[in-house]
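# Residue-level structural notes
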Amino acid sequence: MAEQVSCMKFSELKELVATLAANDQVTADTKIFLDTGWDSLQEILPGAVSVASAQPFQVQDELTKEFFGGYVLAEKSAKFESSGAAEAVIVIQNLY
C-alpha cells in the first residue's frame, strides 16, 4: 500500500497568511525562506510561486518494496508513469 503525505490546501494557506498578517513581528519587508532540513535556509525568490498542472504518481523503494505517492509536473509525467487526472496546484520553485 502506498504511503500518502497530506498536502496543504489553499484554504489552509489563506488561514496561515491571515495569522501571519496579525503577528506584530511580520511586516511587508519580512523575508520568506524555505527550510530544506539542511543547515541553512533557502530564499524564496520573487516570482517563485505559480499555478501549474500536476499529476499523481507512485515510486517503489528498492529496499523495502514499499510504494510512496507524490506529484509530478504534468509536462514531466511521462517519465514517472503517472496515473490519475492532472490538477491545478500551487508550486513554489526552489531551483538552486
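Our structure's up above, just so we're on the same page.
Summarised in this report is the structure supplied together with it. Nothing here was measured: the structure is a model prediction, and the numbers come from that model.

Rules used in this analysis
Residues numbered from 1 in each chain as written. Predicted model: local features only at pLDDT ≥ 70, side-chain atom pairs only at ≥ 80, totals over all residues. Heavy atoms only, no water. Patch = residues over 30% accessible without salt bridge, like charges linked within 9 Å, V, L, I, M, F, W, Y side chains within 5 Å. Areas by Shrake-Rupley, 256 points an atom, 1.4 Å probe, with all protein chains shown as cover. Salt bridge = Lys/Arg side-chain N within 4 Å of Asp/Glu carboxyl O. Helix = DSSP H or I, 4+ residues; strand = E, 2+ residues; numbered from the N terminus. Buried < 20%, exposed > 50% of the residue type's maximum accessible area, 1.4 Å probe, protein only.

### What about a nonpolar patch on the surface?
A cluster of nonpolar residues, Met-8, Phe-10, Leu-13, Leu-16, Val-17, Leu-20, Val-26, Val-49, Val-51, Ile-90 and Ile-92, forms a patch on the protein surface that exposes about 980 Å² of accessible area. For the nonpolar patch, the elements supplying multiple residues, two or more each, are α1 (10-21), β4 (49-60) and β6 (87-92). The greatest single-element share of the nonpolar patch, amounting to five residues, is contributed by α1. Inspection of the secondary structure assignment puts Phe-10 in helix α1. For Phe-10, a relative accessible area of 49% puts it in the partly exposed group.

### Description of the environment of Lys-65
Note on placement: Lys-65 falls in the loop between β4 and β5 (67-73). Residues Lys-65 and Ser-83, 18 residues apart in the sequence, show an inter-C-alpha distance of 19 Å.

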